[in-house]
Amino acid sequence: MEGNAFNEFIINRAPAGKWGDPDELGGATVLLALRASDFVNGQILYMDGGIPATIGKPHGEGW
């Protein structure tokens, strides 16, 4: 995917500097399966690596 404009956008804007891996979704799955999350409902859990926090900011600013 190197040289792909969208791929470069994601890598440059994600605070982690990479695409997310499917294995990284497990933490949210475990959290929602635990009794500790019984009072959590009606929420949307974004698994986006924080990219929306960087949209509209110059590259490198805000993370």
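Remember, predicted model here, so these are calculated numbers, not experimental data. (Residues numbered from 1 in each chain as written. Predicted model: local features only at pLDDT ≥ 70, side-chain atom pairs only at ≥ 80, totals over all residues. Heavy atoms only, no water.)

(A) Highlighting the overall build of the protein chain. Secondary structure assignment for the protein chain yields two helices and zero strands. Residues classed as buried in the protein chain amount to 13% of the 63 residues present. Intrachain contacts of the protein chain at a sequence separation of at least 6 include 48% that bridge at least 24 residues. When the accessible surface of the protein chain is summed, it comes to about 5,100 Å², and 61% of that surface belongs to carbon and sulfur atoms. (Helix = DSSP H or I, 4+ residues; strand = E, 2+ residues; numbered from the N terminus. Buried < 20%, exposed > 50% of the residue type's maximum accessible area, 1.4 Å probe, protein only. Contact = heavy atoms within 4.5 Å. Areas by Shrake-Rupley, 256 points an atom, 1.4 Å probe, with all protein chains shown as cover.)

(B) Quick peek at a nonpolar patch on the surface. Taken together, Leu25, Leu31, Leu32, Val40, Leu45 and Met47 make up a surface patch of nonpolar side chains, about 550 Å² in accessible area. Structurally, Leu31 is set in helix 2 (residues 26-33). (Patch = residues over 30% accessible without salt bridge, like charges linked within 9 Å, V, L, I, M, F, W, Y side chains within 5 Å. Salt bridge = Lys/Arg side-chain N within 4 Å of Asp/Glu carboxyl O.)

(C) Quick look at the side chain of Thr54. With respect to the element layout, Thr54 can be found in the segment after helix 2. Here Ile51 takes part through its backbone oxygen, which lies 2.8 Å from a polar atom of the side chain of Thr54. (Polar contact = N/O pair within 3.5 Å; in protein donor to acceptor, adjacent residues only side chain to side chain.)

(D) A look at the side chain of Ser37. Tracing the chain through its elements places Ser37 in the segment after helix 2. Judged by its relative accessible area of 6%, Ser37 is buried. When neighbours within four sequence positions are excluded, Ser37 is seen to be in contact with Leu31 and Leu32.

(E) How the structure looks around the pattern of salt bridges. According to the stated counting rule, one finds three salt bridges in the structure shown. Here Lys18 ties to Asp21 by a salt bridge, and the two come within 3.7 Å at their closest N and O atoms. What makes Lys18 partly exposed here is its relative accessible area of 34%. Judged by its relative accessible area of 43%, Asp21 is partly exposed. Where Lys18 meets Glu24, a salt bridge forms, and the shortest distance between an N and an O atom there is 2.8 Å.

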